Structure formats: C-alpha cells, structure tokens
Amino acid sequence: MDFNLTEEHLMIQQAARDFAQNELLPGVIERDEKQIFPTEQVKKMGQLGFMGMMVDPKYGGSGLDTISYVIAMEEISKVDASASVVMSVNNSLVCWGLQEFGTEEQKQKYLPGLASGEIHGAFCLSEPEAGSDATSQKTTAIDMGDHYLVNGTKNWITNGNTASVYLVIVQTHAELKHKGINVLIMTKDMPGFSVGPKEQKMGIRGSDTHSLMFSDVKVPKENRIGEDGFGFKFAMKTLAGGRIGIASQALGIASGAYELALKYSKERKAFGTEICNHQAIAFKLADMAVNIEAARHLCMKAAWDKDQHKNYDVSGAMAKLFASQTAMDTAVEAVQIHGGNGYVKEYHVERMMRDAKITQIYEGTSEIQKIVISRAVISE
C-alpha cells in the first residue's frame, strides 16, 4: 500500500485549493444568505477541468481518476458546499452516466459542453412519493412509437433551473415495476417542461434546487439511455458513484470546519491561555482529526475500488455513511469551539453546520447506506 499522493494528485489538490480560496471564498456568505447560484464560479470550475474530471479527453474531459476527483471535491467543499454539489452532480451523476451507458451519438452531443462547464446537468430521480424508495416512480413515459410522452413531477432537483441537460428517471411499464423503468435525456426547452419555484433550504443555499413538472412532454426515442427497462439499474449504478462524490463533499465540510476551529482555538484566549491548551477543547480537536482522517481513507478506498474496476457499492456506502456523520459532528463541535462567534455568519462554521446535514440525506440517506452495508455483511 502506498499512501502518498502522486505529483499529479498534489497539483490537482493545490489547484483546487487555490481556486476555493481565491474564487469561492469571496462572497460565499452573501451567496448563502441571498441564495445566489455561483454562476461565474461554476464556469471557472469548468475552465479548470473540474466539471468533467473523469470524462475521456476525446469528449472534452480531463481524463482523470476518481482519486483526483475526491481530492478536488474535498478542497472545494472546504469553502463552498453549494458550488461543490454542482460539481458533484455534473461529474458523478450526469457525465459518468452518459459516458458509461450512453450511445456514441449521445456522448458526442452532450459530453463536450458538460465537461467544459459551458453547460451543466441535473439528475432527476426523487419524487413526492419516491425518495429512498426509488422503485416507486410515478412519472410516466408512454411509448408512442418514435417518442415517449412524459408526465409527472420530480422533487429536490439540484441544478433544477440552471441545468441544460436532465437525466430523468421514468416509469414506462408499470406492470414490470422496477424492470419497467427508463432514463431519458430531456432539455428545458421541450414543450410541457416547467420548473417550480426555488426551494427555501436550510443549507447549500447557493445551489439551485427546484421541482420539475412534465405535462405531455415529447421525448424522442433516441434520448433513451440503454435498453428498454434499463433505467433502474442506471440509477443505482450511477448513485453508487455519486455517493463517493457526496462522501468527498462531507469530508471537505468536515476538514474545512476543523481547520477553522483549530485556527480559532490558537487565537482565542480564556483563563490566561489559548483555548487549545484547555483539555476540553484539545480533546475535541483530537476527535475531529481522527474522524476526518478515517473518513478520508474511506473516501480514498472507495475511489480506488472504482478506479480498479472493483465493486464499490459497499465501500462507497461506507464512505458516505461515515463521512456525512463526521461532517455533522465536526461542524457542530466547530461551532461549539467558536462559542458565541460560531453562531454568527462571519466565522463560516454556522453555515458549514447547516450544509453538513444534507450529506446525510441526499443520494441515499444514512439509513439507506446502512441497508446496503448490512445486506453485504450478512451475505458474506
């Protein structure tokens, strides 16, 4: 085992760190407070290659490994989780799904724009009655011969209004249940496609979360990804990789909150000394450091499994489960270490605490990760 990052990995880490500090940090509090989508920052992420990190260079991507992606996600998430979730969805759910399962025509048409950051995508699975139970799709796609007629609603869609390409999970053959589900490539300019109001969220407030409504939307047959009935498998395979991205986001939130807490503890004095010298604070910092290191190793292991073409369902679930809990615990303790200052916006940690919570919910709740993990260990 070699725990050293390669020279290329270190360069990516530094580039992501510099971008986060120079481009994302200025204005991050205002974007959170006013729910401003980081439009210019996302474009620059594309120019740096962060929006199509694992996309083959022949489609305009960076052609990097999943470990590079984890490294970049951590650094960007340390500063702005709203920007990093745009990056995560575009990389893990949209670009990867298209590249892995799309036709050559679909790849040529959509991947160059997505990988360059000129446009970005959305992954549309959740519905009012289909969150953790992804089999209960109520959005229908009636086969009309050369096209599908789509009706239904999708909820909690990241990049819901700003995306240009939408991968929409639909039910075509209800009698076949999950084996009758398909995935269709849709665009916002299709007649009958409408976007609901922006959600008022607790955290990641700069990200663009909307409901989508479809009323007799005609989607050409060539926009289906994979064979008829492949949609549920597509969603599960894509989400398995997406969990690595969200685990890395959680890791970044945790490590960012920890770094701020450590810095503050060395500056703030109480009872005649810096508060880091008090055991009550020192032990909090020790716990943070241990859990973050463990989360980082779980993220790297899942990324390595993916790069080695091994099954990463369980390692990705483990990484997301542990990293998201670490993000929540670390952010709460970072607020505590900051005391009263931790409760106000200018010190950043209150935003990180709000941002951390969603990592335990989207792309599979912590409870779903435990189902995945428990089934695997029981069947061993």
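Residues numbered from 1 in each chain as written. Predicted model: local features only at pLDDT ≥ 70, side-chain atom pairs only at ≥ 80, totals over all residues. Heavy atoms only, no water.

Under an unreviewed UniProt entry, the protein chain has the name Cyclohex-1-ene-1-carbonyl-CoA dehydrogenase and belongs to Flavobacterium hydrophilum. In its Sequence similarities (unreviewed entry) section, UniProt records this for the protein chain: "Belongs to the acyl-CoA dehydrogenase family." (UniProt positions renumbered as here; feature names shortened; annotations may be inferred.)

S.K.: How would you explain the overall build of the protein chain if you had to name every residue and give the values?
M.R.: For the protein chain, the helix and strand inventory stands at 11 helices and nine strands. The C-alpha atoms of the protein chain give 21 Å as radius of gyration, which agrees with the globular expectation for 380 residues (21 Å, within 12%). Along the first, second and third principal axes, the C-alpha atoms of the protein chain reach 80 × 50 × 40 Å. By sequence separation, contacts in the protein chain at least 24 residues apart represent 73% of the contacts at least 6 residues apart. Summed over its atoms, the accessible surface of the protein chain is roughly 16,700 Å², and 54% of this surface lies on carbon and sulfur atoms. Considering the protein chain, the positive charge centre built from 39 side chains and the negative charge centre built from 47 side chains are found 3 Å apart. (Helix = DSSP H or I, 4+ residues; strand = E, 2+ residues; numbered from the N terminus. Rg over C-alpha atoms; globule rule 2.2 N^0.38 Å. Contact = heavy atoms within 4.5 Å. Areas by Shrake-Rupley, 256 points an atom, 1.4 Å probe, with all protein chains shown as cover. Lys, Arg positive; Asp, Glu negative; His and termini not counted. Charge placed at Lys NZ, Arg CZ, Asp CG, Glu CD.)

S.K.: Describe the packing of helix α4 (residues 66–77) against helix α8 (residues 279–307), listing the residues and the values that go with them.
M.R.: Two numbers describe how α4 lies on α8: the axes approach to 8 Å, and their chain directions differ by 150 degrees. Classified by the interaxial angle, the pair formed by α4 and α8 is roughly antiparallel. Contacts from T66, I67, V70, I71 and E74 in α4 reach R296, C299, M300, A303, W304, K306 and D307 in α8. In the contact of α4 with α8, the residues fall into seven nonpolar, one polar and four charged. (Axes fitted to C-alpha atoms, helices over the stretch in contact; angles between N-to-C directions. Parallel < 35°, antiparallel > 145°, perpendicular 65-115°, else oblique. Nonpolar A, V, L, I, M, F, W, Y, C, P; charged D, E, K, R; others polar.)

S.K.: Tell me about the nonpolar core, and name the residues and values.
M.R.: Within the largest apolar cluster, 88 residues are counted, with the highest numbers of intra-cluster contacts made by M45, F50, M87, L98 and L167. Per-element tally for this core: the top contributor is helix α7 (residues 231–267), with 16 residues. Sequence-distant contacts of M45, defined by excluding residues within four places in its chain, comprise F19, F50, M51, I76, A83 and M87. Grouped together as the second largest cluster of nonpolar side chains are 18 residues, C124, V150, L212 and F214 included. (Core = buried A, V, L, I, M, F, W, Y, C linked by side-chain atoms within 4.5 Å. Buried < 20%, exposed > 50% of the residue type's maximum accessible area, 1.4 Å probe, protein only.)

S.K.: Can you lay out helix α6 (residues 104–116) for me, pointing to particular residues and giving the numbers?
M.R.: Compared with an ideal rise of 1.5 Å per residue, which puts 13 residues at 18 Å, α6 spans 18 Å between its outermost C-alpha atoms and is within 8% of the ideal. Residues of α6 that are buried: Q106, K107, Y110, L111, G113, L114 and A115. Looking at the packing, one finds that the buried side of α6 touches α3 (39–47), α5 (81–101), β1 (121–124), β4 (165–171) and β5 (181–186). Immediately beyond the C-terminal end of α6, within one or two residues, lies G117, with a positive phi of roughly 85 degrees. (Expected span 1.5 Å × (residues − 1).)

S.K.: Can you break down the domain arrangement of the protein chain residue by residue, with the values?
M.R.: Here the protein chain is partitioned into domain 1 (7–120), domain 2 (122–231) and domain 3 (232–379). The distance between the C-alpha centroids of domain 2 and domain 3 comes to 30 Å. Joining domain 2 to domain 3, the criterion identifies zero salt bridges. Between the two partners, domain 2 and domain 3, sit seven residue pairs in polar contact (both at pLDDT 80 or more). (Domains from an automatic or database assignment. Salt bridge = Lys/Arg side-chain N within 4 Å of Asp/Glu carboxyl O. Polar contact = N/O pair within 3.5 Å; in protein donor to acceptor, adjacent residues only side chain to side chain.)

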